[in-house]
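Structure assessment
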Amino acid sequence: MTPADLSRTVLHAVRRAVDEDALHAPVPARVRVERTRPGGSGDYACAVALQLAGPAALAPREVARILRDRVAGTPGIGRIEITGPGFLNFTLDASADAAARAALVRDVRERGLRYGRVTADTGQLHRLHHRGEVRAAAVAQTVARVLRTQGGQVRTGCTGTADPDWEHLRISVGPHDGAAGSVELRPVPAGAPAGELLARLGRDAALWGLLRPAGHDRAPLGDDLLVQGEANQLFLVRYAHARTRALTRGAARLGFSGAYDEDVEAPALHAALADHPGVLAAAARLHAPDRIARHLETVAHAFFDFHDACSPLPVGDEKPSAAHRSRLALAEAAGTVLAGGLYLLGISAPEHL
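Residues numbered from 1 in each chain as written. Predicted model: local features only at pLDDT ≥ 70, side-chain atom pairs only at ≥ 80, totals over all residues. Heavy atoms only, no water.

With 78 residues, the main nonpolar core has Leu 269, Leu 273, Ile 292, Phe 303, Phe 306 and Leu 330 as its most contacted residues. At the level of secondary structure, the elements contributing two or more residues to this core comprise helix H4 (94-111), helix H5 (134-149), strand S6 (153-158), helix H6 (194-211), helix H7 (233-254), helix H8 (267-286), helix H9 (290-309) and helix H10 (322-345). Ranked by residue count, the leading element in this core is H10, at 11 residues. What Leu 269 contacts, discounting residues up to four positions off in sequence, is Val 299, Ala 302, Phe 303, Phe 306, Leu 330 and Ala 334. (Core = buried A, V, L, I, M, F, W, Y, C linked by side-chain atoms within 4.5 Å. Buried < 20%, exposed > 50% of the residue type's maximum accessible area, 1.4 Å probe, protein only. Helix = DSSP H or I, 4+ residues; strand = E, 2+ residues; numbered from the N terminus. Contact = heavy atoms within 4.5 Å.)

Let us look at H10. Taking 1.5 Å per residue, 24 residues should reach 34 Å; H10 reaches 35 Å between its end C-alpha atoms and fits that length. Counting buried positions along H10 gives 20 out of 24 residues, so the element sits mostly inside the fold. Gly 346 occupies a position one or two residues after H10 and carries a positive phi of about 80°. (Expected span 1.5 Å × (residues − 1).)

This paragraph deals with the environment of Arg 245. Looking at the element boundaries, Arg 245 is found in helix H7. A sequence separation of 240 residues divides Arg 245 from Asp 5, and the C-alpha atoms of the two residues are 30 Å apart. Polar side-chain contacts of Arg 245 include one of 3.1 Å to the side chain of Glu 351. (Polar contact = N/O pair within 3.5 Å; in protein donor to acceptor, adjacent residues only side chain to side chain.)

Across the sheet, 4 strands lie side by side as S7-S6-S5-S8; this open sheet has parallel pairing. Edge positions in the open sheet fall to strand S7 (174-175) and strand S8 (183-185), since each of these has one partner strand only. Sheet topology places strand S5 (residues 125-130) next to S8; 3 bridges connect them, and they run parallel. Its bridge partner lying in S8, His 130 is registered against Leu 185. (Pairing = 2+ DSSP bridges.)

Turning to the side chain of Thr 149, a few remarks are in order. If you trace the backbone, Thr 149 turns up in helix H5. We classify Thr 149 as buried; its relative accessible area is 2%. Every residue in contact with Thr 149, bar those within four places of it in the chain, is listed here: Arg 117, Val 118, Leu 280 and Leu 344.

On to the pairing of strand S3 (residues 77-83), then. Direction of pairing for S3 relative to strand S4 (residues 87-92): antiparallel, over a ladder of 6 bridges. Directly across from Ile 80, in S4, lies its bridge partner Phe 90.

As a further point, take the packing of aromatic side chains. Inspection of the entire model under this criterion finds 4 aromatic pairs. Aromatic side chains Phe 303 and Phe 306 sit 6.5 Å apart centroid to centroid with 55° between the ring planes, which places their arrangement in the tilted category. Of this pair, Phe 303 and Phe 306 both sit in helix H9, 3 residues apart, which is roughly one turn of the helix. Residue Phe 303 is classed as buried on the basis of its relative accessible area, which comes to 0%. Through successive ring pairs, a cluster of aromatic residues spans Phe 235, Tyr 239, Phe 303, Phe 304 and Phe 306. (Phe/Tyr/Trp six-rings, centres within 6.5 Å; stacked < 30°, edge-to-face > 60°.)

With that settled, the discussion passes to the side chain of Arg 135. Relative to the elements of secondary structure, Arg 135 occurs in helix H5. For the buried residue Arg 135, which engages in no salt bridge, the nearest side chain bearing the opposite charge is Glu 133, 6.6 Å off. A distance of 3.1 Å separates a polar side-chain atom of Arg 135 from the backbone oxygen of Ala 214. A polar atom in the side chain of Arg 135 sits 2.6 Å from the backbone oxygen of Asp 217. When sequence neighbours within four positions are dropped, the list of residues in contact with Arg 135 reads Pro 187, Val 188, Ala 190, Leu 210, Pro 213, Ala 214, Gly 215, Asp 217, Arg 218 and Ala 219. (Lys, Arg positive; Asp, Glu negative; His and termini not counted. Salt bridge = Lys/Arg side-chain N within 4 Å of Asp/Glu carboxyl O.)

Moving on, we come to the pattern of salt bridges. Evaluated as defined, the whole model comprises 20 salt bridges. Between Arg 245 and Glu 351 there is a salt bridge, with the nearest N and O atoms lying 3.1 Å from each other. Of this pair, Arg 245 sits in helix H7 while Glu 351 sits in the segment after H10, and the two are 106 residues apart along the sequence. Accessibility expressed as a relative area gives 29% for Arg 245, which makes it partly exposed. Glu 351 is paired through a salt bridge with Arg 249; the nearest N and O atoms lie 4.0 Å apart. Of the two residues, Glu 351 is situated in the segment after H10 and Arg 249 in helix H7; the sequence distance between them amounts to 102 residues. Taking relative accessible area as the criterion, Arg 249 reaches 27% and is therefore assigned partly exposed. Within the structure, one salt-bridge network assembled from shared partners comprises Glu 62, Arg 65, Arg 68 and Asp 69.

Now the structure itself:
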């Protein structure tokens, strides 16, 4: 069971409780489920009972009990506890969790760069505009891409003078049409024109520097963005992707390919891959491409930890086994998520680095 599955399960329990007249409260649009913090209980926690307690005129723990009774017995959930003022804590069933991990890897591999994207058109039109400044333009262009992954339609416009050099950053916008309901994106300005950033950093590093910080933070655009080492998170993310591609090439030379036939113990990497759809949804909702960049860093770190702990390729006299095929499939899934995230940021995902 993935976090998204668990979120839908709890939301269904809320709807059921309301329909059965056990809970008198508005049904939220979504339910947030998070990994349990250190010292907490179970695998995941949810605070929806605290959110509903006021409108329902009930104690949070009573709301939690109502929801627990309606979630209990759901396949994939082993135990549900109520802790603190009314948190629901979920422990997943180990065998079901293994099946969910296998399904996750297969889903990523089958959907490819479409993983995490909403396939249906929501019919919602998002209007964005920005000033004639390179960081605002880069953020607007990226937010537009992310909103489209969630089934929306987007129109962007510039309220000032567009810079011809923006084209080299894959930014192409027209003038703002002044339509009502348009949202202005106003990140802290970069403090340098696009041409200067391109000449000094190149497209990929310039875009990472503009998009990685939250919009309210200053964008660090120093030469450290070009450092080819672990301290540079852009290098780490792109190198992780290149390494996944190298593993695929190496496996082909050894005569095998990835197939998730055997469960792999890599909880951090599985969790990072499972979180990808939620990260895209949050980045779209909050107009925050920095969330995607930070998520790619998480995926890259988790991939290298997994890679160092259990090599996807045979070592020494080892022969390719089901374990190697499964590890390779997981590595390739990580590469797919990294490539998809870099694409949304407008940054290239190299095959070799």
